[in-house]
Amino acid sequence: MADINIAKAPKSYAVLPFYAVGSLFFLTLSTLLVFSHQTLLTQFLHPHILAIVHATTLGWVTMVIFGASYQLLPVICERNLFSNILALVSFFGLLSGVILLIIAFWFFLTGFWMITGGTLVVLAAILYFINVTVTAKKCNKHAIQKCFMISAGFWLLVTTVMGLLIAIHLKYPLFNTNQLQLIALHAHVGFAGWFLQLITGVSSKLVPMFLLSRNKPEKYLQLAFLLQNTGLLIFFFAAIVGLWNNIVWIGYLLVIAGVVYWLLYIIAAFKSRIRKPLDFQMRFTFLSLIFLVLALFLLPFIMHSWPMPYIQLYGLLVLMGWLSGIILGQTFKTLPFIVWNYHYKSLNGRVRVPLPKQLYREILVKWNFYFFIAALMLMCAGLLLQVNMLFLVGSIFWLLIAIVFVWNVFDILLHKTKKSDSN
Amino acid sequence: MIQIEINDPQYAQKVKIAQSLYQVIDPELFVNIIDLGLVYNIIYTDNTITIIMTLSTPHCPLGDAITSGVNNALSVHFPGHAVTVQLVWEPKWNFEMMTAEGKKLLGIA
């Protein structure tokens, strides 16, 4: 029998600011969405839409993912986080970069402000990649989740550098290629490289853990990793040399196959779960996967001819349905435990302490689940039928989700230690 | 799950220790560590208590809170004893190690 040293949770300043600020960006983007609903119905490269997209991808989704990753990386790698300080610096880099980018896009201030914002985001991505890689390198145990975390960090770096180059290109032209294709490449490296691989890796650890699953077929994950990365590399290089109508399809099909293997893994974990009832956090997760599948079905049509409003619909399914959906649920599977750990770790077993689920209002998560379905149905219908009122009501529902979410998140973050003697 | 034999010379102390450990809850599963079957063995001497236990997930994010909980619970009832928590991954924990009460609490019985 060996005495095993377990990893310590990262410092609160390396995790909690990401959740706090990420939720505020969610509120910001939801407010901007209400004001820009009319623009979104008819355009997809309008400055206001670009501002909302970057508030969503960087301010909301990436911000929360950074915080969650710094917390989960030690769990996956079975080692302490390499540096809490680097994590904090990456927070300030990402925060200031996103604020500058949102303002620069909204008022379309190409040049200094956009380039500075982009540079700060690249800096945050570099720091994140260093932290992930060094933490994972110290890990002796091979875990496929570790590989996904590293590859996701790498693709984030590629995405942000590409974004910075596009920002420079808008002021000082660098490329001869079609600007739309450059933006599509930037977006899809972020989608299939950063978001998809990070979520594949993290979900393959968390879903079986939360559902208490017996069956975790690792082979599916290895295939998912191989296919997603090979597909993305083929897509990337084909797009770089301008082969948009030929080899790029092979890349697409390989990434799809990689997604299928990941979903097969999730289905196996779901079917073999010991915990039968699904809480609303997990329902959010499974519903978000349906939106991902719908988006992937839509992608070939968009790649073929870039029609509107399907391109906005695709963005809606990916950003609101899949990415936001997964965060709206999983935040309440991670944040209450993180905060509980800081408040009650030293008190557990000594006095009666509240449970993590008592740190927030579960009923609000349930309401948000139904608001989420309503908002997406209305916005999708508004887009497809080109009915302004439907999209407006959907975006108001979305704002309601954000208000409820922020309320619940700050209830957890501002929790005060409560204890009563049990002895 | 831990079995304390009635003919064990330290039966009374070990039962008292196990009772103390009922207060230590796995915060994720909301079930105490005895009913979860996480405690494999208790070694009791006049001055020391060693708890040999596992976690439901290796490097469980709340593992530190659970081991602190064991120390806290025992320091209340056995103030004169030095408590050591020894984490092991073998045998690997599985759901069959839970008590009937634990399965019921988890809603899987």
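Note that this is a predicted model, so its numbers are computed, not measured.

(A) Seen up close, the nonpolar core. One finds Trp60(A), Trp262(A), Trp322(A), Trp398(A), Leu21(B), Ile51(B) and Met53(B) to be the most contacted residues of the largest nonpolar core, which totals 195 residues. For this core, the element with the most residues is helix H11 (residues 310-344) of chain A, which contributes 20 residues. The contacts of Trp398(A), once residues within four sequence positions are left out, are Phe26(A), Leu29(A), Ser30(A), Leu33(A), Met320(A), Ser324(A), Phe372(A), Ala375(A), Leu376(A) and Met379(A).

(B) Seen up close, the pairing of strand E5 (residues 82-87) of chain B. All names here are of chain B. Of the two faces of E5, the one holding Val-83, Val-85 and Leu-87 is buried and the one holding Ala-82, Thr-84 and Gln-86 is not buried anywhere. As defined by bridge partners, strand E4 (residues 48-53) adjoins E5 across six bridges and the pair is classed as parallel. Considered in E5, the bridge of Thr-48 is made with Ala-82. Taken together, E4, helix H2 (residues 63-77) and E5 form a β-α-β motif whose crossover is right-handed.

(C) How the structure looks around the pairing of E4(B). All names here are of chain B. In terms of burial, E4 is largely enclosed, as five of its six residues are buried. Here strand E3 (residues 39-44) pairs with E4 via five bridges, running antiparallel. Counterpart to Val-39 in the pairing with E4 is Met-53. The antiparallel pairing of E3 with E4 creates a hairpin that spans three residues between the two strands.

(D) Up close: unusual backbone geometry. Looking along the chain, the bond that leaves Glu90(B) and enters Pro91(B) is cis, with omega of -5°. One can find Pro91(B) in the loop between E5 and helix H3 (100-105). Even without glycine at this site, Gln386(A) takes up a positive phi of about 55°. Positionally, Gln386(A) belongs in the loop between helix H12 (362-385) and helix H13 (388-413).

(E) A look at the packing of helix H7 (residues 179-211) of chain A against helix H9 (residues 247-271) of chain A. All names here are of chain A. It is the contact of H7 with H9, at a shortest axis distance of 9 Å, that shows an interaxial angle of 10°. Comparing the axis directions of H7 and H9 gives the class roughly parallel. The handedness of the crossing between H7 and H9 comes out as left-handed. Here Ala-192, Leu-196, Ile-199, Thr-200, Ser-203, Ser-204, Val-207, Pro-208 and Leu-211 of H7 lie close against H9, whose contacting residues are Val-255, Val-259, Trp-262, Tyr-265, Ile-266, Ala-269 and Phe-270. The residue inventory of the contact of H7 with H9, partitioned by class, reads 13 nonpolar, three polar and no charged.

(F) Structural view of the side chain of Thr62(A). Residue and element names in this part refer to chain A. Position of Thr-62 relative to the elements: it lies in helix H3 (residues 47-77). On the basis of relative accessibility, which here comes to 1%, the residue Thr-62 falls in the buried class. Within polar-contact distance, the side chain of Thr-62 engages the backbone oxygen of Thr-57 at 2.6 Å. Excluding its chain neighbours within four sequence positions, the residues that come into contact with Thr-62 are Thr-57, Leu-94, Trp-194 and Phe-195.

(G) Structural view of the interface of chain A and chain B. Contacts between the two partners involve 33 residues from chain A and, on the opposite side, 34 residues from chain B. Roughly 3,100 Å² is buried in total at the junction of chain A and chain B, and carbon and sulfur atoms are behind 62% of that figure. Our count for the chain A to chain B interface comes out at two salt bridges. Between Asp64(B) and Lys345(A) there is a salt bridge whose closest N-O contact spans 3.0 Å. Put simply, chain A and chain B have four residue pairs in polar contact (both at pLDDT 80 or more) between them. Within the residue set of the side of chain A that touches chain B, elements represented by two or more residues are H3, H7 and H11 of chain A. The element that contributes the greatest number of residues to the side of chain A that touches chain B is H11(A), accounting for four residues. Residues belonging to the side of chain A that touches chain B are distributed by class as follows: 16 nonpolar, seven polar and ten charged.

(H) Broad picture of the layout of surface pockets. Residues and elements named next belong to chain A. Counted as a void, the largest pocket has a volume near 1,200 Å³. In this structure, the largest pocket is lined by 49 residues; those nearest its centre are Leu-50, Val-53, His-54, Ile-183 and Ala-187. Counting only elements with at least two residues in the lining of the largest pocket, the list comes to H3, helix H4 (84-106), helix H5 (112-137), helix H6 (144-171), H7 and H11. No other element matches the eleven residues that H7 contributes to the lining of the largest pocket.

(I) Molecular detail of the domain arrangement of chain A. All names here are of chain A. Split by domain assignment, chain A resolves into domain 1 (8-174) and domain 2 (278-345 + 352-410). If you average the C-alpha positions of domain 1 and of domain 2, the two centres end up 19 Å apart. Summed over both partners, the interface of domain 1 with domain 2 comes to about 2,900 Å²; 80% of that surface belongs to carbon and sulfur atoms. The interface formed by domain 1 and domain 2 holds zero salt bridges in total. Put simply, domain 1 and domain 2 have eight residue pairs in polar contact (both at pLDDT 80 or more) between them.

(J) Fine view of the sheet that holds E4(B). Residue and element names in this part refer to chain B. Here we have three strands laid out as an open sheet, ordered E3-E4-E5, and mixed in their pairing. With partners counted over all chains shown, the strands left at the sheet margins are E3 and E5, one partner each. Going from strand to strand, the sheet's axes swing by 15° on average, the running direction of each strand aside. Where helix H1 (residues 11-21) meets the sheet, it contacts E3 and E4, and its direction lies at approximately 135° from that of E3. Of the strands in this sheet, E4 and E5 touch H2, which is tilted by about 155° from E5.

Criteria and cut-off values
- Residues numbered from 1 in each chain as written.
- Chains lettered and ligands numbered in written order.
- Predicted model: local features only at pLDDT ≥ 70, side-chain atom pairs only at ≥ 80, totals over all residues.
- Heavy atoms only, no water.
- Core = buried A, V, L, I, M, F, W, Y, C linked by side-chain atoms within 4.5 Å.
- Buried < 20%, exposed > 50% of the residue type's maximum accessible area, 1.4 Å probe, protein only.
- Helix = DSSP H or I, 4+ residues; strand = E, 2+ residues; numbered from the N terminus.
- Contact = heavy atoms within 4.5 Å.
- Pairing = 2+ DSSP bridges.
- Right-handed = clockwise from strand over helix to strand, strands pointing away.
- Axes fitted to C-alpha atoms, helices over the stretch in contact; angles between N-to-C directions.
- Parallel < 35°, antiparallel > 145°, perpendicular 65-115°, else oblique.
- Left-handed = near helix turned anticlockwise from the far one by under 90°.
- Nonpolar A, V, L, I, M, F, W, Y, C, P; charged D, E, K, R; others polar.
- Polar contact = N/O pair within 3.5 Å; in protein donor to acceptor, adjacent residues only side chain to side chain.
- Buried area = accessible area lost by both parts, 1.4 Å probe.
- Salt bridge = Lys/Arg side-chain N within 4 Å of Asp/Glu carboxyl O.
- 1 Å grid on protein atoms, 1.4 Å probe; cavity = no way out; pocket = protein on both sides within 12 Å on 5 of 7 lines; lining within 4 Å.
- Points joined across faces, edges and corners; volume = space filled by probe spheres on them.
- Domains from an automatic or database assignment.

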